[in-house]
Amino acid sequence: MTGPIWNPEAETQAPAARAALQLERLRQTVAWTVERVPFYRERLAAARLRALEDLPALPFTRKTDLREHYPFGLFAVPTSELARVHASSGTKGKPTVVGYTAGDLDVWREVMARVLVAAGARRGDMLHVAFGYGLFTGGLGFHDGAERAGLTVVPVSSGNTARHLLLLQDFRPAGLCGTPSFVLHIAESLVEQGVDPRTLGIRWGLFGAEPWTDGLRIAIERAFGCRAHDVYGLSEIIGPGVAGECEARAGLHVCDDHFLPEIVDPATGAALPPGREGELVLTTLTKRAIPMIRYRTGDITTLTTEPCRCGRTSARIARLKGRADDMLIIKGVNLYPSEVETALLGVEDLQPHYLLVVDRTATLARLEVQVEPAPALLARCEGFRADHPEMLAVQRRAAEHLRRVTGLGVDVVLVAPRTIPRSEGKAVRVVERT
Ligand SMILES: [Zn+2]
């Protein structure tokens, strides 16, 4: 059984035909940038692209290149030809600015419509958008794509949890999208108001903009009684809609007639074959305002070109393990926060609300995991009592499980309900104690 496909011609194209299209579009994109962007002219004027296999010979583009050419230095069109500008929040200094021609916005709507339909959206469905609107691409990206797919959009944006609770109950949307942590916070707040989120009638959800695991997926699906799908994107490439999960949920289908994926070794930059874990590198094939050639996303994943049972023939990426710069080194062991999340959610009696505290005051960094107990455990202990034997036993069990899975001695500390800060956007999972 396979569900509808938004653009069957593009999404089920034979691999050889798609490869030919990719090569043609890649050549056009390189020619476009060489003609219009001095940065690329210097680097690519001598490039020869006889086959897709020649791509790894081209130099990478990095986030620092965007910052160094702030705000419009990498643009291939004058600002008068831009239909819109977005920017990603600059945690270090100036934001990263991206722009779209009217045609680029059209591509964005198309790929978002594909991702929505693959996740179960149907014409006439109402979609509650809990991604932020503004310079961040999440809200408007979903908004435009959902309109294109024939959905009714409720542009709630992030924040203001009380308004989400009210509108979800009164409007009863079929679809929900937002960051996984915010959506879980919404579910928890509904329960606190005596509302079972499963009675809202939400059928499907698309969640992303932060790494999340299958453990969190199960928590969201249990909370809302819906199917939860992963979506991937980044503003430098287009925003959400670069890739998304179909009903098989065996990786995220990359819209690879528009974005060409590669996997490279994050340390050396060497190209890696399908199936090997490494850093995702993306090249835009159709974007005109600010094309990206071999952009280092920083995201760690694997790539597969095996057929998917949904009938789509595009390449798929595995769910993200995290960003290369999110990796923690604790006592010489490399660890992604997502690995801790997976291990933690495999332990009974814990809630998916946790915080990793990295203590660098000692000679060797130590990791403490703070996590909230599940209601069942609280009931057995008659409230939160840190010294209750049952609480201590769960704490011990969690620490042992984490040691088995990560190979690392980790301190697990149960904390009172609502101690871990709830996020109305992207969750903070790691704090440093220095
Ligand atoms: Zn599929």
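Everything below is about the structure shown above.
Position labels on residues start from 1 in each chain and follow its written sequence. Reporting of local features is limited, given that this is a predicted model, to residues whose pLDDT is at least 70; pairs of side-chain atoms are given and counted only at 80 or more, and all residues count toward the totals for whole chains, interfaces and linings. Only hydrogens and water are removed before side-chain values are computed, so all heavy atoms of the structure are retained for them.

Novice: Looking at this model, I keep getting lost on the environment of M126. Mind explaining?
Specialist: The helix count covers DSSP runs of H or I at least four residues long, the strand count covers runs of E at least two residues long, and both are numbered beginning at the N terminus. Mapped onto the secondary structure, M126 falls in strand 3 (residues 126–129). When the C-alpha atoms of M126 and F171 are compared, they prove to be 8.4 Å apart, with 45 residues separating the residues in sequence. Any two residues having at least one pair of non-hydrogen atoms within 4.5 Å are treated as being in contact. Non-local contacts of M126, meaning those with residues more than four positions away in its chain, are made with T152, V154, F171, P173, A174 and G175.

Novice: Help me understand the coordination of the zinc ion in this model?
Specialist: In ideal tetrahedral geometry, four donors around a metal make angles of 109.5 degrees, whereas ideal octahedral geometry with six donors gives angles of 90 or 180 degrees. Around the zinc ion, the protein contributes the donor atoms C246 (SG), H253 (NE2), C308 (SG) and C310 (SG), at 2.1 to 2.3 Å from the metal centre. Only nitrogen, oxygen and sulfur atoms qualify as donors, provided they sit within 2.8 Å of the metal or within 3.2 Å for Na, K and Ca; with water excluded from the atoms, sites may seem incomplete. Here the donor residues of the zinc ion are spaced in sequence according to C-x6-H-x54-C-x1-C. Owing to a relative accessible area of 0%, C246 belongs among the buried residues under this scheme. Think of it in three bands: residues with accessible area under 20% of the maximum for their type are buried, residues over 50% are exposed, and the middle band is partly exposed, with areas taken using a 1.4 Å probe on protein chains only. For H253, a relative accessible area of 5% gives the class buried.

Novice: In this structure, what is going on with helix 12 (residues 389–406)? I would like to understand it.
Specialist: Working note: α-helix, 3.6 residues per turn, so residues spaced by three or four point in the same direction. Expected helix span is taken as 1.5 Å per residue step, with the number of steps being one fewer than the number of residues. Relative to the 26 Å expected for 18 residues at 1.5 Å per residue, helix 12 spans 26 Å between its end C-alpha atoms, a close match to the ideal helical length. Buried residues of helix 12: M391, V394, Q395, A398, A399, H401, L402 and T406, and no others. For helix 12, the angular spread of the buried residues around the axis is 165°, confining them to a single face. Of the residues in helix 12, the exposed ones pointing more than 90 degrees away from the buried face are P389, R396, R403 and R404. Against the buried residues of helix 12 lie strand 17 (333–335), helix 10 (337–345), strand 18 (350–359), strand 19 (366–373), helix 11 (375–380) and strand 20 (411–414). Positive phi shows up at G407, right after helix 12, with a value of about 75°. The reported arc concerns the directions from the helix axis to the C-beta atoms and nothing else.

Novice: I would appreciate a short explanation of the packing of helix 5 (residues 102–118) against helix 6 (residues 137–148) in the present structure.
Specialist: Packed helix pairs are characterised by how far apart their axes lie and by the angle those axes make with each other. Think of each axis as a best-fit line through the C-alpha atoms, taken over the contacting stretch in the case of a helix, with angles from 0 to 180 degrees between the N-to-C directions. Where helix 5 contacts helix 6, the two axes come as close as 7 Å, and the packing angle between them is 75°. By the angle between their axes, helix 5 is roughly perpendicular relative to helix 6. Residue-level contacts link D106, W108, R109, E110, M112, A113 and L116 of helix 5 to T137, G141, F142, D144, G145, A146 and R148 of helix 6. Each angle receives one of four descriptions, namely roughly parallel if under 35 degrees, roughly antiparallel if over 145, roughly perpendicular if within 65 to 115, and oblique otherwise.

Novice: For this particular structure, what's the right way to read the sheet that holds strand 3?
Specialist: Within a beta sheet, neighbouring strands are joined by backbone hydrogen bonds and run either parallel or antiparallel to one another. For two strands to be treated as a pair, DSSP must find at least two bridges joining them. In space, the nine strands of this open sheet follow the order 4-3-5-6-7-8-9-14-13, with mixed pairing throughout. For this open sheet the edge positions go to strand 4 (152–155) and strand 13 (303–304), each flanked by a neighbour on one side alone. Judged from the four bridges that link them, strand 6 (residues 204–207) and strand 7 (residues 227–234) form a sheet pairing that is parallel. Bridged to F207 within strand 7 is D230. Docked against the sheet, helix 9 (residues 214–224) engages strand 5 (175–178), strand 6, strand 7 and strand 8 (239–245), running at close to 130° with respect to strand 7.

No statement about biological role is implied by the geometric values presented.
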